[in-house]
Amino acid sequence: MIIAIDGPAASGKSTAAIGVAKCLGITYLDTGAMYRAVTFGLIDNNIGFRDSLNIEKFLEKIEIKFSESPSGLLLALNGRDITKEIRSKIVTDNVSEVSALKSVRKSMVLIQRKMGEADDCVLEGRDIGTVVFPNAEFKFFLIADEKARAERRLKDLKNIGEQSSIENVMIDLINRDHKDSTRMHSPLKKSDDAIIIDTSDLEINEVIDKIVNIVNYKGH
Ligand code: DC
């Protein structure tokens with residue numbers, strides 16, 4: 001069973017997807033973290049975003065591993081833990097450009113399909129219901145107003161010790177959504193058959209319950 005949860009930045013996808021996976025006892029895959037890992041890897045290896053040859057070489061050898069820990073999900077890139085680094089400002093500022101690259105998308109989608117096909121899985125991202133798993137049994141599209149999204153993102157940034165203001169966070173979110181929705185390859189888009197959930201005024205448990213109830217009602 002595949003549950004696809006797509007939506008714009010800070011719409012509550014990650015927290016909802018983690019909760020749903022836990023509730024149903026199935027695997028969770030944060031595909032945004034994978035694009036962040038590639039972005040971090042390219043910057044760390046001084047590979048320019050237009051250097052297609054070296055990007056291809058980097059992608060050929062890439063190993064992305066998720067593992068669970070008491071403090072949450074850990075992500076390792078080629079054996080190095082980069083859980084914190086992928087949430088940094090430099091990665092966030094560049095991830096839209098990197099995730100727009102066709103070679104990067106091709107490589108990530110292959111890995112995501114492999115992971116999703118191995119197990120019942122909740123995948124969250126931007127193109128899960130449209131491109132990665134267009135035949136997913138369950139598709140959700142989470143939205144939230146800009147203020148709610150900016151407040152959530154500011155909280156995330158504070159948790160990793162980065163300073164910003166609500167205004168700056170809001171501008172960054174709007175810019176990133178614009179880039180993610182207007183890119184040529186697999187843009188952020190609601191699948192026609194996805195159920196929209198507006199999370200602006202919902203507690204996280206209410207979002208999780210809504211999704212789990214729909215999944216249980218339809219049976220799985
Ligand atoms: O969900 P997030 O903010 O961690 O995602 C980071 C970026 O990765 C986002 O700006 C767009 C890209 N992304 C994507 O292109 N496709 C996905 N399935 C998931 C994320």
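Residues numbered from 1 in each chain as written. Predicted model: local features only at pLDDT ≥ 70, side-chain atom pairs only at ≥ 80, totals over all residues. Heavy atoms only, no water.

Asks: Just to check I follow, could you spell out the nonpolar core for this structure?
Replies: Nonpolar side chains tend toward joint burial in soluble globular proteins. Grouped together as the largest cluster of nonpolar side chains are 33 residues, with contacts concentrated most on Val38, Leu42, Phe58, Ile64, Val104 and Met108. Breaking this core down by element, the ones donating at least two residues are strand S1 (2–6), helix H2 (31–44), helix H3 (52–60), strand S4 (72–77), helix H4 (89–99), helix H5 (102–118), strand S6 (121–125) and helix H6 (128–132). No other element matches H2, which puts seven residues into this core. Dropping the residues within four chain positions of it, Ile64 is found in contact with Met34, Ala37, Leu75, Ala76, Leu77, Met108 and Met115. Core analysis: the next-biggest nonpolar cluster, separate from the first, contains 20 residues, Val20, Val122, Ile197 and Val207 among them. (Core = buried A, V, L, I, M, F, W, Y, C linked by side-chain atoms within 4.5 Å. Buried < 20%, exposed > 50% of the residue type's maximum accessible area, 1.4 Å probe, protein only. Helix = DSSP H or I, 4+ residues; strand = E, 2+ residues; numbered from the N terminus. Contact = heavy atoms within 4.5 Å.)

Asks: Any chance you could explain the site of the ligand here in plain terms?
Replies: With respect to spatial proximity, 15 residues lie near the ligand, and among them Arg36, Asp127, Arg176, Asp180 and Arg183 are the closest. The contact in question runs from a nitrogen atom of the ligand to an N or O atom on the side chain of Asp127, over 2.8 Å. Within the side chain of Arg176, a nitrogen or oxygen atom sits 2.7 Å from an oxygen atom of the ligand. Computed on the free molecule, the ligand has an accessible area of 450 Å², of which 98% lies beneath the protein chains in the complex. (Near = heavy atom within 4 Å. Polar contact = N/O pair within 3.5 Å; in protein donor to acceptor, adjacent residues only side chain to side chain. Areas by Shrake-Rupley, 256 points an atom, 1.4 Å probe, with all protein chains shown as cover.)

Asks: Just to check I follow, could you spell out the packing of H2 against H3 for this structure?
Replies: Each pair of packed helices can be summarised by the angle the axes make with each other and by the distance between the axes. At their nearest, the axes of H2 and H3 sit 11 Å apart, and the two run at 120° to each other. Taken together, H2 and H3 sit at an angle that is classed as oblique. Crossing geometry of H2 relative to H3 is assigned as right-handed. Contacts from Val38, Gly41 and Leu42 in H2 reach Ile55, Phe58 and Leu59 in H3. (Axes fitted to C-alpha atoms, helices over the stretch in contact; angles between N-to-C directions. Parallel < 35°, antiparallel > 145°, perpendicular 65-115°, else oblique. Left-handed = near helix turned anticlockwise from the far one by under 90°.)

Asks: Quick question: what am I supposed to make of the pattern of salt bridges here?
Replies: Side chains that differ in sign of charge can pair as their charged atoms come close. Using the criterion set out here, one finds 10 salt bridges in the structure. Here Asp44 ties to Arg80 by a salt bridge, and the two come within 2.9 Å at their closest N and O atoms. On the criterion of sequence distance, the pair formed by Asp44 in helix H2 and Arg80 in strand S5 (residues 80–81) is long-range, its members being 36 residues apart. Residue Lys89 pairs with Asp93 through a salt bridge whose shortest N-O separation is 3.0 Å. Here Lys89 pairs with Asp93, and both are found in helix H4, just four residues apart, close to one helical turn. Using a relative accessible area of 42% as the deciding quantity, one classes Lys89 as partly exposed. By relative accessible area, which is 37% here, Asp93 ends up partly exposed. A network of salt bridges, in which partner residues are shared, links Arg126, Asp180 and Arg183. (Salt bridge = Lys/Arg side-chain N within 4 Å of Asp/Glu carboxyl O.)

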